[in-house]
Amino acid sequence: MKNKQLKKILLIMKLSTFFLFFSLISISAETFSQKFTFEIKGESIKDVLTKIEESSDYKFLYRSDAIDVNNQITININDENIGSILSRIFDQGDVIYKIFDDNLVVISKNTTSQQQSVTGRVIDASTGEPVIGVNVSIEGTTTGAITDINGNFILQRPAKGATVSFSSIGYITQKVIYGDENVIDIKFIPDVLSLQEVVVIGYGTQKKATLTGSIVNVGGEELTKSPMANVTNSLSGKLPGLIVNQRNGEPGRDDPSIHIRGTGTFDSNTSDDIDPTKPLIIIDGVERDYMSKLNPDDIESVSVLKDASAAIYGARAANGVIIVTTKSGKLGKPVFSFTYNTAFQHPTKVPEMLDAVAYAQVYNEGDYYRQGRPATYSPAYSDEAIQKYRDGSDPVLYPNTNWMKEVLKPYSLQKRLGLSVNGGTEAVRYLISFATLDQNSDFRHMPTSYKQYNMRIKVDVNLTKDLIIGANLNALINDRHYTYVNNGGTNYNETNFYNILLANPTLPAIYPNGLLAGGRMGQSPLLLDQRGYDKFEDTPLYSSFTASYKVPFIKGLKIDASFNYDLRNQFEKTLILPYYYYEYNVLTQTYDKKQATGASTVELTDLYSKWTTMLYNYRISYEKTYDDHHITAMLGQEQQKNSYSYASAYRKNFVSPAIDQINAGSNAPADKNNSGSATASAYNNYFGRLNYDFKSKYLAEFLFRYDGSQNFPSGKRYGFFPGFSLGWRLSEEGFFKNSVPFVENLKLRFSHGEIGNDRVAQYQYLQSYSFGQNYVFGGNDAAGIYANTMPNPNITWEVSKKTDLGMEATLWKGLLGIDVTLWKEKRSNILAARNLSIPAILGFSSLPNENIGKVDNHGFELVLSHRKSINKLTYNIEANTTFARSKIVYMDETPQAEPYQNQTGLPVGAALYYKADGIFHTPEELAAYPHVSGTQVGDIKILDLNGDNVIDSKDQFRFDKTNTPEVVFGLNIGMQYGNFDLSIFFQGQTRVYNYDSYFGSLGTSDFNNAVTERAKNHWTVDNTNGTMPRADAYQPGSTTMYLFDATFVRLKSMEIGYTLPKSIGAKIRLDDIRVYASGYNLLTWAKEIKWCDPENDGSFLFYPQLRIINLGINIKF
Amino acid sequence: MKKILIITALMWSLFSCSDKILDISPTDRVSEDAVWADEKLIDAYHTELYNCIMHGHIINMQSKTTDEAYCSITFGPGIIPNGSVTADNITDVENTQWHKGGNIYYWATGWQYVRKINVFLDKMGTTTLDITNKSRLVAEARFLRAYIYFEFIKRFGGVPIITTTYDLTQATGTSFTRATFDDCVNFIEEDLTAAFPDLPVTYAASDADFGRATQDVVKAMRSRLYLYVASPLWNPSHDLTKWQKAADAAEALLNSGYSLYPDYTKLFNQPSKTANSELIWGRTFSSTNYQQTPVNNLGRRYGAYGGWWASNGPSQNLVDDYDMTNGEPPFIWVNGVKTDNPASGYNPQMPYDNRDPRLEATVIHDGAYYHGDLHEMWIASDGNSWGYDSYLQSGDNPRGDYILKKFMPGIEEAISWQEPYTQPWPIYRLAEIYLNYAEAKFELGDEVTCRQYIKLVRARVGMPELPATVTGETLRARLYNERRIEMAFEEQRFWDLRRWKIASDVENRPIYGMQIIKDVTTGVKTYTPVKLLQRTFLEKMYLLPISATEIRKNNGSITQTPDW
């Protein structure tokens, strides 16, 4: 009964979804997937076939003398397709049929054998889609079959024990020992290194087999395996050459830093928002910045162009290009997919801080040293006080607060839901998807939440045989909700974590009567939700309209055009509230309510921002095969215009925060303020590509872009960026095939090209002035203006010359796959400001970028893979590693005192450190060795590097590692056993060092707490053998004492899934049900940084990365 | 088919490619040509030049680096009292630091504004615009350049004299060398002389133009300048003509219509625009450009920060230097040793009784009322209770048990982080001119006039004059002390100790605070000064080093200050 109801509900759901997409589906009447519903009572088969012919485009062809079509049958057909109907009206053993593309159905007598046949279905293991055209064969015989549009096949019944082989391009060949079943269902594992696989490249696609550039890609299904809210973070370790580091885990602000092959250039102006080391990210043909917020289910593939092949994007591609392509509608019946995930998130590692007792002790130590180690010392925290902290007898005056424990939730929830339908006919293909994500704060009283809604509709229509038009609309709503305290710059997380981690534990958090205390500087994290909010409603809309026209009278000639318009509106509302805390007054013995820092009245700012991008391009391409020669050529033009504007309104003195709208604020002129401005930028460029191959054996490619950027002055705007690549497929050579038959594929490739980079602030060729920097005369503001950056009238492109040499091979049918790439890059004309060499005495305002830097980079990428299938077990292992190192050949730098301080010759970002050589344990040691003024016993012993018996800046050396890892690696293991699948992914980095600027602080005068790791075995008067520096230790600059190897290996993600057997799914009319459990950041092994997550970029004061345990279900119907 | 071709052709023509797409003018800024063609924009440019002027309403006040306060922090300005300052870390105390570094190191800002001023003077020299008040604007600009150079020579001695503007192409290949101290003084005098005739005589403190350069401001600057020039640091031979110049410069302002403001407390704690007969020049604030000195410096009682990390609490050293109301100092320093002065009647267990009223106006101590609140800094002898303003109550109450009161608003103004405080920062006021004059006259041997002008300053707060028996080195000590007391926390002490060449004595004295124990049974308080900080002053610290990086950037053409 229940089951019936469920069926009915499902049917209604299905129908209503159908109606929703009616306009699309209606065109699909002529497809294979047309369903029939009728009832036959005692009619002949012939009549039935005629009936079908009348109500559809199907035509049946059969010999009435061979096929018994006059049999009377009684049958109920309910929403079934043609294959299913035919298999029901004919006895399968006797009759076979074949459906052709033009809907012609040939029915014939099965003459080959009197044996019964077996049937089965082949579906893609990763997507669950049927696989069409799979070759099914019984080994040692000539009998075989091919799967149809639904992945079904009928095979002559093999002998028991015979081997049935399933093969298809793009999949790993599977073999099954036949055990007398009637049905053989196969899950086909895609061959990720498949040669026939098509890879997205700039403005087009190319077969992996004939690819000559260094391009790697990953399929969308790989990315959906990790339950991370931010899809960009799932790229980490998956793509050789891509270095992804997640620096913080705050919902909605957890974008990782991404570098392709390390940092090839330098950012001389870190104060602007422009990062010249960033790769170019192209989403569906347009530079778009929301990769991290994509619906992972929408992603078809992510390609990374690492070498000269990026030259097609000339202008901004010097740091490599990431191309994200979203899924399109697929030919076939509508497939509905529903995914639901619930995840529990919790920080990976929470730093352990000193408790009140230890804190008071180290504070006393520091205080004692600051007083010059007096003979009689009256401690800031007396022994009695410390005893009270220890025994907890007076929680009001002597609390022992673990701030992290006070604010950290045991877990928080993350929910993700996805719904999509996908299908199409020859005429129209469509994809409609919807997804939501809901992520909450991991901290109590911290009003952080993130909600994301993704909607996409993508339609491709064959208007005529030659003209295809398409539209791809993607709407994104992301609501980010934070405390307003976070507001401001790159250190937005610091504010919170300062007051959590550095808050001193002798301060109460909550008084025993429940009142909230002030915490560190009156900024207790528990008060954050009382202080107002900073809300973003960010609603970008991305649209692409494409047309593709095959010129009918010239075979191989095609014109493509696209028009793209992106509109992003963001509304930010910042509400600042006066807030209060309580403080126990020892004199009155009452709790005083106190107003803390922050607003005196309710203050509200509304900020509207709008960004637009308009981009259109035309491409003409031509493809021709002439004997063994194959040529493709493409030429295109593209223009892009971006604009940005904002307007803001501010009021204060709201009567109440109940109505958080501008009009509720005070009308007094002094209580109001507003602001606004606008900018625009543009690009104009021409590009082209020519490919030639001979017998798919000798490959050559040439590409170029002639690029114009508005960032440069007229006359310096255009740059020409060419690239070429060559390939040789040795495995196609006859001699090679014969001598080493176990090598299926072996290709050598080489590429070289020149690419540009223009990522610097606009208008640097002009001297301009901005309003601001008012001065006050007589108590009244007088307006000021000030000069911006000094002009550089000669500013132009940065140039990158890239050379790649690669080899890829597949041996023993996939038992071993190797892909190795060696690369070199020379950057010149690097746009850098001469901040480091121009003396301040010249009095320049800020300095412009000039084309002065030179950097050499080199490295390699290696991928090893192995795949095998043993009966029901199929598995694959892929290991990849990336090495990238930069070397500055020339940069503007301060003339250094000592040669070992030069930046030149070392990687970008290499910093100066004093070399720590343990600590001074005794006054004798201190007296015997040079040290800076202010050094005491227990301080770090700094090595006198230049041996001049003075410790000063000349003793710093330039360290050759940075916080961008030189080596990253990933290990991916995938397994499939029957209905179970398992994937395990390890990721790590090495040759990377973090300087922790807060780690060294212990017992300092500013009341900051310290990590317990720092306090371990530190030098004290009684522990003169300690290895760590004393409390309140002094160092004249960064020393290697607090420079840590950030090597780590982590079990980044693991997923185990179970696909319910077909029979269960069929009962409730669902095609495919998969349940799975996955985890992210499950285990971490760190070499040195054990007190916090080692993936941070320096200090432990950040929103920690999250460990996520996820449960999910995916249903297809 | 045809349709499609037509549409394609149409679209192509509509979106035809053009280079013009790259010609975009900025919409968020003004071009240089526009600035110098518009009188209003020129005015705004000129106004902005005034930002070269430093003020002391900053997070880390300069007092932290002197013996006026107990600087509890070892970073930022803490490197000065700790003696760990070097040419490498001197930029930690630069005025461009977020915490303003006590305005100690002033280099980048100064040179930027020298360039801005030079650009302005160049443009005014060539402009064809008929600009109202052009001569006054030029005069103000030259005055500001003099201000910057005075700030330079106080710190570094001679620096390069730059009167031309360089552009980026001249950045390499141009080198500078330090001019002598005397050359710089002459250069300042040239600018002041040139500016003088085109400036108005004065603006009252309540005037809308107060804060701009005037003839009186020029005179005040000369008075301080020549005092510095004549002081032992720059006048080791005790050249009396220099002292005469200092005396003359001060004398020029003695009778210019200013008078000592009767209330020493209100002299500093009234908002901008308030009439103030004593103030010659200062930096004012507005409700949008305000300061937060009260909440930076008051104690936890008001949710304030005690000087940030409670590091600007007045020191016992300062408190000890206030005379008794009978005119006698409680302590006398003999050969670097501090001894009691029995004649003063100072009672160490009633340390705040019968003291110079300026103590009450400058320091909040145990038992003092401020803003209607009784401040209590004691700790019970059993350690179980303490005064609400004691350092045990909060790390935001200074450890030395003293809180700054100078500049703190009166009861009529609320104390909160939200209040836009506009108390001006005094730069020149009449009392200083009196003391400058007294000092110059003393050095010239005219002790009568010296005592006369000290008397004027003391009389304002009701303190008795110095008896005629106070002469010679004793008078010098009292004169120096008068300046310390009168201008405490006004960014004078740091420079005075250096120009007097007494820093190697004074700045090596440890900083003390007060420990107040209250007997739980009798309620009697015991006052014990406690040593809080060992200070270090090295001989080379009389002048500041130029940042080592800057020296290297100049390829050594600029010499480092001696011994750094």
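These lines cover the structure that appears in this document, whether it is placed above or below. (Residues numbered from 1 in each chain as written. Chains lettered and ligands numbered in written order. Predicted model: local features only at pLDDT ≥ 70, side-chain atom pairs only at ≥ 80, totals over all residues. Heavy atoms only, no water.)

Overview of the overall build of chain A
Phase 1: For chain A, the count of helices and strands is 13 helices and 55 strands.
Phase 2: The globule rule puts the C-alpha radius of gyration for 1117 residues at 32 Å, and the 34 Å found for chain A is close to it.
Phase 3: Reported as C-alpha extents along the three principal axes, the dimensions of chain A are approximately 120 × 70 × 65 Å.
Phase 4: In chain A, which comprises 1117 residues, the share counted as buried stands at 56%.
Phase 5: Long-range pairs, those at least 24 residues apart, make up 70% of the contacts in chain A between residues at least 6 apart in sequence.
Phase 6: Approximately 45100 Å² of chain A is accessible, and the part contributed by carbon and sulfur atoms is 56%.
Phase 7: Looking at chain A, you have 110 positive and 118 negative side-chain charges, and the mean spots of the two groups are 5 Å apart. (Helix = DSSP H or I, 4+ residues; strand = E, 2+ residues; numbered from the N terminus. Rg over C-alpha atoms; globule rule 2.2 N^0.38 Å. Buried < 20%, exposed > 50% of the residue type's maximum accessible area, 1.4 Å probe, protein only. Contact = heavy atoms within 4.5 Å. Areas by Shrake-Rupley, 256 points an atom, 1.4 Å probe, with all protein chains shown as cover. Lys, Arg positive; Asp, Glu negative; His and termini not counted. Charge placed at Lys NZ, Arg CZ, Asp CG, Glu CD.)

Brief notes about helix α7 (residues 215-230) of chain B
Three or four residues apart is the spacing at which side chains of an α-helix point the same way, because the helix has 3.6 residues per turn.
Phase 1: With 16 residues, α7 of chain B should cover 22 Å at 1.5 Å per step; its first-to-last C-alpha distance of 22 Å lies within 8% of that length.
Phase 2: Of all 16 residues that make up α7 of chain B, 15 are buried, and the element is covered over most of its length. (Expected span 1.5 Å × (residues − 1).)

Considering the state of the cysteines
Phase 1: This structure, assessed with the given rule, holds zero disulfides over all chains.
Phase 2: With no disulfide of its own, cysteine 184 of chain B has cysteine 52 of chain B as its nearest cysteine by sulfur position, at a separation of 16 Å. (Disulfide = S-S within 2.5 Å.)

Notes on the sheet that holds strand β14 (residues 525-533) of chain B
Residue and element names in this part refer to chain B.
Phase 1: In spatial order, the strands read β10-β13-β14; together these three strands make up an open sheet with mixed pairing. Each end of this open sheet is capped by a strand with a single partner; those strands are β10 (379-380) and β14.
Phase 2: Where strand β13 (residues 511-518) lies against β14, eight bridges are found, and the strand directions are antiparallel. Across the sheet, residue isoleucine 511 finds its bridge partner in β14, namely leucine 533. (Pairing = 2+ DSSP bridges.)

Observations concerning the packing of aromatic side chains
Phase 1: Throughout the structure, instances matching the rule amount to 85 aromatic pairs over all chains.
Phase 2: Centroid distance tyrosine 913 of chain A to phenylalanine 959 of chain A: 6.2 Å. Interplanar angle 80°. Geometry classified as edge-to-face. Linking tyrosine 913 of chain A in strand β45 (residues 912-914) with phenylalanine 959 of chain A in the loop between β48 (956-958) and β49 (967-977), this pair joins segments that are 46 residues apart in sequence.
Phase 3: One aromatic cluster is present, formed by Tyr105, Tyr106, Trp107, Trp111, Tyr149, Phe152, Phe156 and Phe187 of chain B through successive ring pairs.
Phase 4: In this structure, lysine 406 of chain B packs its charged tip against the face of phenylalanine 268 of chain B, placed 4.3 Å from the ring centre.
Phase 5: For the cation-ring pair, lysine 518 of chain B lies above tryptophan 378 of chain B, with the distance from its terminal atom to the ring centre recorded as 4.0 Å. (Phe/Tyr/Trp six-rings, centres within 6.5 Å; stacked < 30°, edge-to-face > 60°. Lys NZ or Arg CZ within 6 Å of the ring centre and 35° of its normal.)

Re unusual backbone geometry
Phase 1: Its identity as a non-glycine residue notwithstanding, arginine 991 of chain A has a phi of 55°, on the positive side.
Phase 2: Considering the arrangement of structural elements, one finds arginine 991 of chain A in the loop between β50 (980-990) and β51 (993-995).
Phase 3: Judged by its relative accessible area of 32%, arginine 991 of chain A is partly exposed.
Phase 4: Residue tryptophan 309 of chain B is not a glycine yet carries a positive backbone phi of 50°.
Phase 5: Mapped onto the fold, tryptophan 309 of chain B is located in the loop between α10 (293-297) and β4 (313-314).

Focus on the interface of chain A and chain B
Phase 1: Contact residues are listed per partner, giving 106 residues for chain A and 100 residues for chain B.
Phase 2: Three residues stand out in chain A for area buried against chain B, namely Tyr769, Tyr775 and Ile841 of chain A, and they jointly supply 10% of the buried area on that side.
Phase 3: Connecting chain A to chain B are two salt bridges.
Phase 4: A salt bridge links glutamate 583 of chain A to arginine 300 of chain B; its shortest N-O distance comes to 3.0 Å.
Phase 5: The interface formed by chain A and chain B holds 31 residue pairs in polar contact (both at pLDDT 80 or more) in total.
Phase 6: At nine residues, the largest contribution of residues to the side of chain A that touches chain B is made by strand β33 (residues 672-694) of chain A.
Phase 7: Direction of pairing for strand β37 (residues 768-771) of chain A relative to strand β1 (residues 30-31) of chain B: antiparallel, over a ladder of two bridges. If you follow tyrosine 769 of chain A over to β1 of chain B, its bridge partner there is valine 30 of chain B. (Buried area = accessible area lost by both parts, 1.4 Å probe. Salt bridge = Lys/Arg side-chain N within 4 Å of Asp/Glu carboxyl O. Polar contact = N/O pair within 3.5 Å; in protein donor to acceptor, adjacent residues only side chain to side chain.)

Details of helix α5 (residues 134-156) of chain B
Phase 1: For α5 of chain B, built from 23 residues, the straight-helix expectation of 33 Å at 1.5 Å per residue is met to within 8% by its first-to-last C-alpha distance of 33 Å.
Phase 2: Backbone geometry just after α5 of chain B places glycine 157 of chain B at a positive phi near 80°.

Examining the environment of asparagine 133 of chain B
Phase 1: Along the chain, the position of asparagine 133 of chain B falls in the loop between α4 (108-126) and α5.
Phase 2: Asparagine 133 of chain B sits 302 residues away from leucine 435 of chain B along the chain, and the two C-alpha atoms are 35 Å apart.

Remarks on the side chain of asparagine 276 of chain B
All names here are of chain B.
Phase 1: Tracing the sequence through the fold places asparagine 276 in the loop between α9 (266-269) and β3 (279-283).
Phase 2: Of note is the side chain of asparagine 276, whose polar atom sits 3.4 Å from the backbone oxygen of leucine 267.
Phase 3: When neighbours within four sequence positions are excluded, asparagine 276 is seen to be in contact with Ala205, Tyr261 and Leu267.

Quick look at the pattern of salt bridges
Side-chain pairing between opposite charges can occur once the charged atoms of the two side chains come close.
Residues and elements named next belong to chain B.
Phase 1: Under the definition given, this model contains 82 salt bridges over all chains.
Phase 2: Of the charged contacts, one joins glutamate 140 and arginine 136 as a salt bridge, the two residues approaching to 2.5 Å between their closest N and O atoms. With glutamate 140 and arginine 136 both in helix α5, this residue pair falls four residues apart, about one helical turn. For the pair glutamate 140 and arginine 136, one class covers both residues: buried.
Phase 3: A salt bridge links arginine 509 to aspartate 505; the shortest N-O distance between them is 3.0 Å.
Phase 4: Looking at aspartate 505, the relative accessible area reads 36%, which means it is partly exposed.

Note that all results are geometric; they support no functional claim without further evidence.
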